[in-house]
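# Survey of secondary and tertiary structure
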Amino acid sequence: SSSSSEVVESEKKTTSRRRRLCGVNSYNIGRPLAQMIHFIWTYLRVVEQIGLEPSNPDITIDIVIPTGAMGNIAGGYMAKQMGLPINYLCAGVNVNDITHRVLETGKFYRSNEMIKTMSDAINVQMPYNFERLLFYLTGQNHVLVNGWMKTVDSTNKLDLDKTWHEKLRQEFRSARITDEEMCNAMKRARDELSFFADPHTSVALSAAEKLGYRLFQPLGDEEESSIGTAPVVAIMATASPCKFEETVTAALGKDGWDDYFEKSFPENAKDLLDTEEMPPTLYRWDKDMALDDVQKVWEHHSREIIRTK
């Protein structure tokens, strides 16, 4: 019920304050701050590959990012705000597509349900980092953004007016990708680029194609690039396929997974497959111990695990 969920949420907040807990998902500003470095590094590698100097004013790049809660794309936008020469930041989303819908229509409406997909790490109903994008989009107008987010909190939706919607579309693009499209992109990346992609990176690859960045050879029924002479584009790869045997097998077949395992599976990950699984470690706080003492005990215990395993 609504009242019981409110009690649980209140207990969580009380526990968090008492124990000083901190999450490391992208609602924590530390996460997108760290991810800014990925965009700076990517830009430097791209200009290096095409033989230009980073200071060249004629080169900007578009970046396509697998997008769920929008933390990574928020990091990219923060880097752009600091001067990194990015043109478009492009969100590749699965069928849980609130990000795509707000970019297309200006309507930021929470979905009634979460749809199970093969790219489940970017399944999201309400991307909490959208607030950060709006903050920088509006020139850090916290009063305006606070009003918008209060509307979202109370109604689960927000309608951006035409002016703000157009400003949003000047900075961001998006494409909605189904599981079938994701699997096709994974196959084509292997066949045409000799690259094994995880399901989330495959969403970004498919999104790049759908947005007109020509990565693969055109198929018979495909049109030429919708954006004319395609700009320089980079795709953010977000994970290793070694973590997604079931999805990679569904996309590439058992022979495809076996080929990946033989040729490209990380050696250090192979070593883990033969390692005995450890039971979970519980770190308990003796109520009679001071915080510093507890932390020293936990640190010693953690170091012992690392040393012996």
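Above: the structure in question.
The structure reproduced in this document is the subject of the present report. Because the structure is predicted, anything quoted here is derived from the model rather than measured. (Residues numbered from 1 in each chain as written. Predicted model: local features only at pLDDT ≥ 70, side-chain atom pairs only at ≥ 80, totals over all residues. Heavy atoms only, no water.)

### Topic: the overall build of the chain
Stated formally: Where helices and strands are cited, they refer to DSSP runs of H or I of at least four residues and of E of at least two residues respectively, numbered from the N terminus. We call a residue buried when its accessible area falls under 20% of the maximum for its residue type, exposed when it is over 50%, and partly exposed in between, using a 1.4 Å probe and counting protein chains only. Whether two residues touch is decided by their heavy atoms; if any such pair falls within 4.5 Å, the residues are in contact. The method behind every accessible area is Shrake-Rupley, applied with a 1.4 Å probe, and residues are considered shielded solely by the protein chains displayed.
The helix and strand tally for the chain stands at twelve helices and six strands. With 309 residues in all, the chain has 38% of them scored as buried. Long-range pairs, those at least 24 residues apart, make up 67% of the contacts in the chain with a sequence separation of at least 6. Accessible area of the chain: about 18700 Å², with a carbon and sulfur share of 50%.

### Here's the deal with the packing of helix H5 (residues 130-137) against helix H6 (residues 142-155)
When two helices pack together, their arrangement is captured by the angle between the axes and the distance separating the axes. Defined as follows: Only C-alpha atoms enter the line fits that serve as axes; for helices the fit covers just the stretch in contact. Angles between N-to-C directions range over 0 to 180 degrees. For this classification, under 35 degrees means roughly parallel, over 145 means roughly antiparallel, 65 to 115 means roughly perpendicular, and everything else is oblique. Handedness of a helix crossing follows the sense of rotation of the near helix relative to the far helix, less than a right angle counterclockwise being left-handed and clockwise being right-handed. Lys, Arg, Asp and Glu make up the charged group, whereas Ala, Val, Leu, Ile, Met, Phe, Trp, Tyr, Cys and Pro make up the nonpolar group; the residues left over, Gly among them, are polar.
Close contact between H5 and H6 brings their axes to 9 Å; oriented N to C, the two are set at 150 degrees. With respect to each other, H5 and H6 are oriented roughly antiparallel. Our pair here, H5 against H6, has a crossing hand that is right-handed. Along its contact with H5, which presents Glu131, Leu134 and Phe135, the element H6 presents His142, Val145, Trp148 and Met149. Residues that form the contact of H5 with H6 fall into these classes: five nonpolar, one polar and one charged.

### Some details on the pattern of salt bridges
Our working rule: Basic side-chain nitrogens of Lys or Arg form a salt bridge, by our definition, when they fall within 4 Å of a carboxyl oxygen of Asp or Glu.
If you walk through the whole model with that rule in mind, you get 15 salt bridges. The closest approach of N and O atoms between Glu209 and Arg214, which form a salt bridge, is 2.8 Å. Of the charged contacts, one joins Asp258 and Lys254 as a salt bridge, the two residues approaching to 2.9 Å between their closest N and O atoms. One end of the pair, Asp258, and the other, Lys254, are both in helix H10 (residues 245-263), four residues apart, so they sit about a helical turn from each other. By relative accessible area, Asp258 is classed as partly exposed at 32%.

### Brief notes about the sheet that holds strand E2 (residues 86-93)
Paired through backbone hydrogen bonds, the strands of a sheet run either parallel or antiparallel to each other. Condition: Being paired, for any two strands, means DSSP has found at least two bridges between them.
Pairing is parallel in the open sheet, where four strands are placed in the order E5-E2-E1-E6. Single-partner strands in this sheet number two, and they are strand E5 (172-176) and strand E6 (233-235). Neighbouring strand axes in the sheet, compared pairwise and without regard to direction, differ in orientation by 20 degrees on average. Both strand E1 (residues 61-66) and E6 contribute to a ladder of three bridges, which runs parallel. Bridging across to E6, Asp62 finds its partner in Val233.

### Side note on the nonpolar core
Where we set the bar: The criterion is simple. A nonpolar core is a set of buried Ala, Val, Leu, Ile, Met, Phe, Trp, Tyr and Cys residues joined through side-chain atoms within 4.5 Å.
Ranked by size, the top nonpolar core spans 39 residues in total, and within it Phe39, Ile63, Leu89, Leu134 and Leu160 carry the most contacts. Contributions of two or more residues to this core are made by helix H2 (30-49), E1, helix H3 (71-81), E2, helix H4 (98-105), H5, H6 and helix H7 (162-171). In terms of nonpolar packing, the next biggest core, distinct from the first, is built from 23 residues, Ala175, Cys183, Val203 and Leu211 among them.

### Quick notes on the packing of aromatic side chains
Short version of the rule: Put simply, two rings from Phe, Tyr or Trp (the six-membered ring, in Trp's case) pair if the centres are within 6.5 Å, and we call them stacked under 30 degrees between planes, edge-to-face over 60, tilted for the rest. Cation placement over rings: the criterion is NZ of Lys or CZ of Arg within 6 Å of the ring centroid and within 35° of the ring normal.
Counted by the stated rule, this structure contains ten aromatic pairs. The interplanar angle of 85 degrees and the centroid separation of 6.0 Å between the aromatic rings of Trp257 and Phe265 together place this pair among those described as edge-to-face. Note on Trp257: relative accessible area 6%, which makes it buried. Exposure remark for Phe265: the relative accessible area of 7% places this residue in the buried category. Taken together, the ring pairs connect Phe196, Trp257, Tyr260, Phe261 and Phe265 into an aromatic cluster. Positioned above the aromatic ring of Tyr88 is the side chain of Arg173, whose terminal nitrogen or guanidinium carbon lies 5.6 Å from the ring centre. A cation over an aromatic ring shows up here: Lys270 above the ring of Phe261, its NZ or CZ 4.9 Å from the ring centre.

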